[in-house]
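Residue strings, one per chain:
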Amino acid sequence: MNQVVIDAGWEVRRADALDALPAIWGSDAGWLPATVPGVVHQDLLRHGLIPDPFFGLNETAVQWVGEADWIYRCRVMLAPPAAGERTVLCCDGLDTIADIWLNDTWLGRSENMFVPWRCDVTDVARPGENLLVIRFASAWQHGRAREAQHGTHPVWNGDASRVHVRKAQYHYGWDWGPVLLTSGPWLPVRIERARGRIAEVHLPVTLADDHATATVAPALRVTGAVAVVRLAIHDPAGALVTAAELRPDQGLATARLELARPALWWPAGYGAQARYTVVLTACAADGSVLERLERRIGIRALRLIQAPLAAEPGSSFVFCVNGVEIFCGGANWIPADSLLPRITPARYRAWVEHAVTLNMVMLRVWGGGIYEHDAFYEACDDLGVLVWQDFMFGCGIYPADDAFRMLVRAEAEAQVRRLRDRPCLALWCGNNEDYQIAESIGAYDAAQPPDAAGRFPARVLYEQDLPAIVAQLDPARPYWPGSPYAGHTTADGTVGDRHVWDVWHGVMAPYQAYPHYAGRFVSEFGMQALPARATIEAFTVPDERFPQSRTLDHHNKAAGGPMRLMAYLVDNLRVPADLDGMIYATQVIQAEALAAAYGGWRRRWGAPGRRSTAGALVWQLNDCWPVTSWAITDYWLRPKLACAAVARALAPVALGVVHEGASAARYWAVNGTPAPVSGVLELRRWSLAGALRGSLRVAVTLGPNQACELGGVACADDDVVALRLLVAGQVVARAAAWPEPFKYLHLHDPVLTLERCDAATVRVWAACPARGVWLAAGDDVRWGEQYLDVFPDDPWLVPVAGLGDRVPQVRSLYDVQRG
């Protein structure tokens, strides 16, 4: 197959009335050089026609772009086709309402950003120059027209018309993102020429229970002159394992190939991410090669276990990979930019690598964004990150008229086919919070059957159409109707998954209460924090760099966001007046909140048959623009303090300790490894001034892949209780419980000392207990630990990369509390 990627020579301009189009695309007036793949905002920004929408209040100045129609054109040079070749125009992604012409011939319309569009243009294309034109109607105007026809439906976030358009919903604005209604060819545009091709590949893998063998059962669909497909499977080292020839019958071909002693694919931290390479060569009857494809697969078995628990009501929600039950600590993933084509494969990989450094094993691709770029899933496959994949519906009552259902079915079929052979893919989920919003307006009754004409019409999508497509195209993968979902309700902590927004939203419960708002699988929870100062400086003028400035408030999209954030600050810390102090303080609150959540819920991991909570996915890992949000890492990949707290809470071996009442503390450990861990547990009780009030030292053995209670200790209400676990004389885990709220504490100067041990290690000392020690030295410096509690007899040895001869900045809660 010959392929021409059309990535040069594009132009764009604003479109006028539809009947004026031929005159427009034949004229040279008003056209701007355009980038494809790309969207209009990128080109207007590049040519200086709009201000940077991420800076200051500029978002409001670019709204006209999304309300206008736009037209792209490109002159494509084609050679004469070879004998028997068909010419196909392929648009991998058009955002969103697009009409396509080639040489003045209208080829069709695409109304779904998530469906690749293909058209055989053999009879339209010609040797030499061909004029390709794509007109993008305003998705905003299109949605408003459909809304006028089908009615206004309730939504949380964004304009209500969004539910009528199969476009990334966050483009309409969310409680963490701007309103930027993009349009354009956001994925590659190509010309394919072939006498025959492999139109569809499915490579399902079945792993034997004893892991001694695996079966690969390729299923292919071919077109044109393909007479045979030669298939070869190579192991992770590149050696040929097995091969076969598949001869299609009526365009379909299948086979079964057995692999002995397969190398397995494991989630990060549980083993290697072995990948086999499958090479498919399509040949004509005369032996000539028509097409050659490569696919990489991973051999693993995955189950979602929903079984009764030994000591609690309801059922578990446990992901089991290769027979090992996995506590799925991780995060929710949103699109990493409002202008999607700007996200490079290298950027995707950097984000997934970052998640792995935080000891995360799962990312949830949230339903208000996009089915992500192949580079994202490839990184997850390579690095061992499981993916909870939402279908793209979020926080709304979606329609279910026949035309809309047809769009959704095409989308689901295209995306399931694209992603089903990914070893990282763990679950298909129908939507984000659509059952929840239906429940909030009294439109959801599980006892009644789905009704496309009812008040919650999209139940027919989530309970009929989508599960049927998954069952047909990806039957080995679990499907879950929505998130959160428990069948009869969305708020039952004993069944299914739960979004815990009782902290921040709802009753605004104290973050210390996170462990009490447990669920079998907590798929959303979070706390806001300001981003790094460098990030704030990138979107503000100097005069706006103070807490509560107009620009900072604009860059917090949550309803009541600044007020809610201030409430948690006032409850817990002395509120600083300066920007640096506010950044530190909000990041401390976020770090402490997430530590309480992850620690408390991982404590409930229990043992087999007692997995009371089997996963926790923070809202959210990342941002789509520079903003104050729930993200634990900001738009420019600058980690907040919460990252260190999350990594510690999700470490393979972790400790936890909390004050219980005024005179006791209880402590526990989690061993996420497959083998017992034996060591020495040390506990010390300190005064804030640094006096040692008590200690104990005891040998412990932690059972494999379980959480265990270790005991309790009497203590005063102003004690700081510090734990550490030593294995073979090395500290492998630490935890501490401090009196709260922190704002009442009379902290002493810890006299922090940093000592350079070598080019890659810094030792941190304290003369008395130091709370929330923050180490910083610039974006290009990577710390092994960045948010510490340091005690007089327990200096930290902190790995660091890229420090050079720079002097680190050190800040602790003492510095902020003293003003």
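Residues numbered from 1 in each chain as written. Predicted model: local features only at pLDDT ≥ 70, side-chain atom pairs only at ≥ 80, totals over all residues. Heavy atoms only, no water.

Enquirer: How would you explain the overall build of the protein chain if you had to name every residue and give the values?
Expert: Helix and strand content of the protein chain: 15 helices and 47 strands. For a compact globule of 819 residues, the expected C-alpha radius of gyration is about 28 Å, and the protein chain comes in at 28 Å, within 12% of that figure. A principal-axis box enclosing the C-alpha atoms of the protein chain has dimensions of 90 × 65 × 60 Å. Among the 819 residues that make up the protein chain, the fraction classed as buried is 59%. A separation threshold of at least 6 residues defines the contact pool for the protein chain, and within that pool the share at least 24 residues apart is 70%. For the protein chain, the accessible surface area stands at approximately 29900 Å², while carbon and sulfur atoms represent 52% of it. When the 74 positive and 88 negative side-chain charges of the protein chain are each reduced to one mean point, those points stand 3 Å apart. (Helix = DSSP H or I, 4+ residues; strand = E, 2+ residues; numbered from the N terminus. Rg over C-alpha atoms; globule rule 2.2 N^0.38 Å. Buried < 20%, exposed > 50% of the residue type's maximum accessible area, 1.4 Å probe, protein only. Contact = heavy atoms within 4.5 Å. Areas by Shrake-Rupley, 256 points an atom, 1.4 Å probe, with all protein chains shown as cover. Lys, Arg positive; Asp, Glu negative; His and termini not counted. Charge placed at Lys NZ, Arg CZ, Asp CG, Glu CD.)

Enquirer: For the side chain of Glu147, give the residues involved together with the corresponding values.
Expert: Relative to the helices and strands, Glu147 is located in helix α4 (residues 139-150). A polar contact of 3.3 Å, which involves the side chain of Glu147, links it to the side chain of Thr152. Apart from residues lying up to four places away in sequence, Glu147 is in contact with Thr152, Ala160, Ser161 and His164. (Polar contact = N/O pair within 3.5 Å; in protein donor to acceptor, adjacent residues only side chain to side chain.)

Enquirer: Hey, could you go over the nonpolar core for me, with residue numbers and the actual values?
Expert: Formed by 194 residues in total, the largest nonpolar core has its most connected members in Leu89, Phe319, Met360 and Phe525. Tallying contributions element by element places helix α13 (residues 579-602) first for this core, with 13 residues. When near neighbours in sequence (up to four residues on either side) are disregarded, Met360 contacts Ala268, Gly329, Gly330, Ala331, Ala355, Tyr598, Val618, Leu621, Ile632, Val646 and Leu650. Counting 27 residues, the second-largest nonpolar core is a separate cluster that includes Val226, Leu246, Leu257 and Leu259. (Core = buried A, V, L, I, M, F, W, Y, C linked by side-chain atoms within 4.5 Å.)

Enquirer: Requested: an account of unusual backbone geometry, with residues and values cited.
Expert: In the segment running from Val36 into Pro37, the intervening peptide bond is cis, with an omega of 5 degrees. Cis peptide bonds are those with omega within 30 degrees of zero, and the linkage from Asp95 to Thr96 qualifies with -5 degrees. With respect to the helices and strands, Thr96 occurs in the loop between β5 (86-91) and β6 (97-102). If you check the backbone angles, Arg261 has positive phi at about 45 degrees while not being a glycine. Within the secondary structure, Arg261 sits in the loop between β20 (257-260) and β21 (276-283). For Arg261, a relative accessible area of 71% gives the class exposed.

Enquirer: Which residues make up empty space enclosed by the protein, and what are the values?
Expert: Counted under the stated rule, the structure contains one cavity of 30 Å³ or more. Taken as a whole, the largest cavity holds about 50 Å³ of empty space. Every residue lining the largest cavity is listed: Val65, Gly66, Ala68, Trp70, Ala137, Ser138, Ala139, Trp140, Leu181, Thr182 and Ser183. Of the residues that constitute the lining of the largest cavity, the class distribution is seven nonpolar, four polar and no charged. (1 Å grid on protein atoms, 1.4 Å probe; cavity = no way out; pocket = protein on both sides within 12 Å on 5 of 7 lines; lining within 4 Å. Points joined across faces, edges and corners; volume = space filled by probe spheres on them. Nonpolar A, V, L, I, M, F, W, Y, C, P; charged D, E, K, R; others polar.)

Enquirer: How would you explain the packing of helix α5 (residues 345-357) against helix α6 (residues 374-383) if you had to name every residue and give the values?
Expert: Packing of α5 against α6 leaves a shortest axis separation of 9 Å and a crossing angle of 40 degrees. Where α5 crosses over α6, the handedness of that crossing is right-handed. On the side of α5, the interface is formed by Pro345, Tyr348, Arg349, Val352, Glu353 and Val356, while α6 contributes Ala375, Phe376, Ala379, Cys380, Asp382 and Leu383. (Axes fitted to C-alpha atoms, helices over the stretch in contact; angles between N-to-C directions. Left-handed = near helix turned anticlockwise from the far one by under 90°.)

Enquirer: If you had to explain the pattern of salt bridges to someone new, which residues and values would you point to?
Expert: Evaluation of the coordinates by the stated rule reveals 64 salt bridges. Arg417 is the partner of Glu200 in a salt bridge, and the nearest nitrogen-oxygen pair spans 2.8 Å. Here the residue Glu200 occupies a position in strand β13 (residues 196-202), and Arg417 occupies one in helix α7 (residues 402-419), the gap between them amounting to 217 residues. Salt-bridge contacts for Glu378 lead to Arg422; the nearest nitrogen and oxygen are separated by 2.5 Å. Taken together, the residues Glu378 in helix α6 and Arg422 in the loop between α7 and β29 (425-429) connect sequence positions 44 residues apart. A network of salt bridges, in which partner residues are shared, links Arg275, Arg296, Arg349, Glu353, Glu378, Asp381, Asp382 and Arg422. (Salt bridge = Lys/Arg side-chain N within 4 Å of Asp/Glu carboxyl O.)

Enquirer: Describe the environment of Val387, and please don't skip the residues or the numbers.
Expert: Tracing the backbone through its elements, the reader meets Val387 in strand β28 (residues 386-390). On the basis of relative accessibility, which here comes to 0%, the residue Val387 falls in the buried class. Considered as a pair, Val387 and Leu754 are 367 residues apart in the sequence and their alpha carbons are 40 Å apart. If near-sequence neighbours (up to four positions away) are discounted, Val387 is found in contact with Leu363, Val365, Phe376, Tyr377, Cys380, Cys424, Leu425, Ala426 and Leu427.

Enquirer: Could you give me a rundown of the side chain of Asp794, with the residues and numbers involved?
Expert: In this fold, Asp794 is placed in the loop between β45 (787-790) and β46 (796-801). Here the side chain of Asp794 touches Arg734 through a polar contact of 2.8 Å, side chain to side chain. Among all residues touching Asp794, those that are not within four sequence positions of it are Arg724 and Arg734.

Enquirer: Mind laying out the sheet that holds β6, listing which residues take part and the relevant values?
Expert: Overall, antiparallel pairing links the six strands, which are arranged β3-β2-β4-β9-β6-β7 in an open sheet. Every other strand in the sheet has two partners, leaving β3 (32-33) and β7 (105-110) as the edge strands with one partner each. Pairing between strand β2 (residues 10-14) and strand β4 (residues 70-78): five bridges, direction antiparallel. Within the sheet, the bridge partner assigned to Arg13 lies in β4 and is Ile71. (Pairing = 2+ DSSP bridges.)

Enquirer: Let's hear about the packing of α7 against helix α9 (residues 459-473): which residues, and what values?
Expert: The angle between the axes and the distance between the axes are what describe a pair of packed helices. The geometry of α7 relative to α9 is characterised by a closest axis approach of 10 Å and an angle of 35 degrees between their N-to-C directions. The element α7 and its partner α9 pack so that their crossing is right-handed. Listed contacts from α9 to Phe404, Arg405, Val408, Arg409, Ala412, Glu413, Val416 and Arg417 of α7 are Val460, Leu461, Gln464, Asp465, Leu466, Ile469, Val470 and Leu473. Partitioning the contact of α7 with α9 into residue classes produces 10 nonpolar, one polar and five charged.

Enquirer: Explain the sheet that holds strand β35 (residues 664-671) to me, using residue names and the numbers behind them.
Expert: Taking strand neighbours across the sheet as the criterion, the three strands line up as β34-β35-β38 in an open arrangement whose pairing is antiparallel. Since the sheet does not close on itself, it has two edges, and those belong to β34 (653-659) and β38 (706-714), each with one partner. The average undirected angle you get between the axes of adjacent strands in this sheet is 20 degrees. Where β35 meets β38, eight bridges bridge the pair, whose relative direction is antiparallel. When the bridges of β38 are listed, Asn671 appears paired with Gln706.

Enquirer: Help me get a handle on α7, residues and values and all.
Expert: In a regular helix each residue adds 1.5 Å, so 18 residues correspond to 26 Å; α7 covers 26 Å between its end C-alpha atoms and thus fits that length. Listed as buried for α7 are Phe404, Arg405, Val408, Glu411, Ala412, Gln415, Val416 and Leu419. What you see down the axis of α7 is that its buried residues fit within an arc of 125 degrees, all on one side. Away from its buried face by more than 90 degrees, α7 exposes Asp402 and Met406. On its buried face, α7 is in contact with α4, α6, β28, β29 and α9. (Expected span 1.5 Å × (residues − 1). Arc of directions from axis to C-beta.)

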